[in-house]
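Take a look at the letters that make up each chain.
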Amino acid sequence: MQELTLAEVVHALDGLYPPSTAASWDRVGLVTGDPEQPVRRIHLAVDATLAVVQEARDAGADLLVTHHPLLLRGVHSIATTTAKGATVTALVVGDVALYVAHTNADVANPGVCDALATAIGLHDLTPLAQVEGQALGRVGELPAEESLGDFARRLAGALPAAPGGIRVAGPAQGRVRRVAVVGGAGDDMFDAVRASGADVYVTADLRHHPVLEAREEARGGTPYLVDAGHWATESLWLGSAREELLRALGERGTTVEVHISTLRTDPWDFVVGAESSGGTS
């Protein structure tokens, strides 16, 4: 089988996650690397942290593909006196290219939201909303109705463990069947969730005021809200991305190794004093 170039891998990634479908504010695509360099090993991660870059270098990766952009906002120096500068330098010195698929991976099919919906066990998926002309989020049905408490516990088992755990707004005994999901931050989607008829909404980064207002609007009823953590809800996509990339490259008659990072890049380390009912139902 022929050896791949970075340009060929980027072409495959662009096909799976077209940059044109990214949000207008986003920064996706190739960040570092020479399009003519060979790619034999690819490393997948949610974030391009210093530790993840070192992991990719230790694994002998030629390309690191992450979900979150390293350079989303303008920077004026990549000196190693800053973490971003040190990360870019480590990539360049280690001859590791960096490619980002962010909001274009969120809206892809299959993409971030599909991976989360599949982990929950939803079927009959439909888009939650159209954002800038792209289908964002998913709504689907559970195989059978269950209590909110049981649903939350099952969700915890389907997601990678993280220090923040899962926060739930709603009674543990409440009944759920129809579920809306958005991987990562999603507290700007409450209107679409209500319109979808979802009994529960799974997302992350839920803030006090939007959640309080949403629960007030629900008058104690549905939709219930579940904050399952940003990293946890998006990390599921890495397995899907690996499968899709291997399939796309395999169709070209090429071979490459694709590995998933073993590092948890959730920035939180531990929680103290959390009060919980335990989700008893």
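Refer to the preceding data block for the structure.
Criteria and thresholds
Residues numbered from 1 in each chain as written. Predicted model: local features only at pLDDT ≥ 70, side-chain atom pairs only at ≥ 80, totals over all residues. Heavy atoms only, no water. Helix = DSSP H or I, 4+ residues; strand = E, 2+ residues; numbered from the N terminus. Rg over C-alpha atoms; globule rule 2.2 N^0.38 Å. Buried < 20%, exposed > 50% of the residue type's maximum accessible area, 1.4 Å probe, protein only. Contact = heavy atoms within 4.5 Å. Areas by Shrake-Rupley, 256 points an atom, 1.4 Å probe, with all protein chains shown as cover. Lys, Arg positive; Asp, Glu negative; His and termini not counted. Charge placed at Lys NZ, Arg CZ, Asp CG, Glu CD. Salt bridge = Lys/Arg side-chain N within 4 Å of Asp/Glu carboxyl O. Axes fitted to C-alpha atoms, helices over the stretch in contact; angles between N-to-C directions. Parallel < 35°, antiparallel > 145°, perpendicular 65-115°, else oblique. Left-handed = near helix turned anticlockwise from the far one by under 90°. Arc of directions from axis to C-beta. Pairing = 2+ DSSP bridges. Right-handed = clockwise from strand over helix to strand, strands pointing away. Core = buried A, V, L, I, M, F, W, Y, C linked by side-chain atoms within 4.5 Å. Phe/Tyr/Trp six-rings, centres within 6.5 Å; stacked < 30°, edge-to-face > 60°.

Q: What am I meant to see in the overall build of the chain here?
A: From N to C terminus, the chain includes ten helices and 13 strands. Relative to its length of 281 residues, the chain is compact, with a C-alpha radius of gyration of 20 Å against a globular reference of 19 Å. In terms of principal-axis extent, the alpha carbons of the chain reach across some 60 × 40 × 30 Å. Every one of the 281 residues in the chain was classed for burial, and the buried ones make up 50%. Within the chain, residue pairs in contact and separated by at least 24 positions form 69% of the contacts whose partners lie at least 6 positions apart. Surface summary for the chain: the accessible area is close to 13,300 Å², and the carbon and sulfur share equals 52%. Each charge sign in the chain was given a centre, from 21 positive and 36 negative side chains, and these centres are 3 Å apart.

Q: Explain the pattern of salt bridges here, please?
A: Where charged atoms of side chains with opposite charge meet at close range, the side chains can pair. One pass over the structure, following the stated rule, counts twelve salt bridges. The salt bridge partner of Asp227 is Arg167, with a shortest N-O separation of 2.8 Å. In this pair, Asp227 sits in strand β12 (residues 224-227) while Arg167 sits in strand β9 (residues 167-169), placing the two residues 60 residues apart along the sequence. A residue is classified by how much of its surface remains accessible, and Asp227, at 8% relative accessible area, is buried. Where salt bridges share partners, they join Glu244, Arg247 and Glu251 into one cluster.

Q: Got a minute to help me understand the packing of helix α1 (residues 6-16) against helix α10 (residues 237-250) in this structure?
A: When two helices pack together, you describe them by how their axes are tilted relative to each other and by the distance separating the axes. Contact geometry of α1 with α10 gives a least axis separation of 10 Å together with a crossing angle of 120 degrees. With respect to α10, the axis of α1 lies oblique. Where α1 crosses over α10, the two elements pack in a sense that is right-handed. Only Glu244, Leu245, Arg247, Ala248 and Leu249 of α10 make contact with α1, whose side of the interface consists of Glu8, Val9, Ala12, Leu13 and Leu16.

Q: What is the right way to look at helix α2 (residues 50-58) in this model?
A: Every α-helix carries 3.6 residues per turn, so stepping three or four residues along brings you back to the same face. All of the buried residues along α2 are Val52, Val53, Glu55 and Ala56. For α2, the angular spread of the buried residues around the axis is 155 degrees, confining them to a single face. Structurally, α2 contributes buried residues whose contacts are with β4 (41-45), β5 (63-66) and α3 (83-93). Just past α2, the residue Gly60 takes up positive phi, approximately 75 degrees.

Q: Honestly, the pairing of β4 in this entry has me stumped. Any pointers?
A: Consecutive side chains along a regular strand alternate between the two faces of the sheet. Where burial is concerned, most of β4 is hidden: four out of the five residues are buried. The pairing of β4 with β5 spans four bridges and is classified as parallel. In the strand pairing of β5, Leu44 is matched with Val65. Where the polypeptide runs from β4 across α2 and back to β5, its parallel neighbour, the crossover connection is right-handed.

Q: Can you walk me through the nonpolar core in this structure?
A: Soluble globular proteins tend to pack their nonpolar side chains together in the buried interior. Formed by 47 residues in total, the largest nonpolar core has its most connected members in Tyr17, Ile42, Leu63, Ile120, Phe151 and Val202. Not counting residues within four places of it along the chain, the set of residues in contact with Ile120 comprises Leu142, Phe151, Arg154, Leu155, Val181 and Val202. Among the nonpolar cores identified, the runner-up in size contains 19 residues, and Val107, Met189, Val211 and Ala214 belong to it.

Q: Please clarify how the packing of aromatic side chains should be interpreted in this entry.
A: Any two aromatic rings considered together are summarised by their centre-to-centre distance and by the angle between their planes. In the structure shown here, the tally under the stated rule is two aromatic pairs. With centroids separated by 5.6 Å and ring planes inclined at 70 degrees, the aromatic side chains of Tyr17 and Trp237 adopt a geometry described as edge-to-face. With Tyr17 in the loop between α1 and β2 (29-32) and Trp237 in helix α10, this pair connects stretches of sequence that are 220 residues apart. For the pair shown, Tyr17 and Trp237 are each scored as buried. Their ring planes at 85 degrees and their centres at 6.0 Å tell us that Phe190 and Tyr201 sit as a pair that is edge-to-face. Of this pair, Phe190 sits in helix α7 (residues 190-196) while Tyr201 sits in strand β11 (residues 200-204), and the two are eleven residues apart along the sequence. For Phe190, a relative accessible area of 8% translates into the label buried.

Just distances and angles here, no functional claims.
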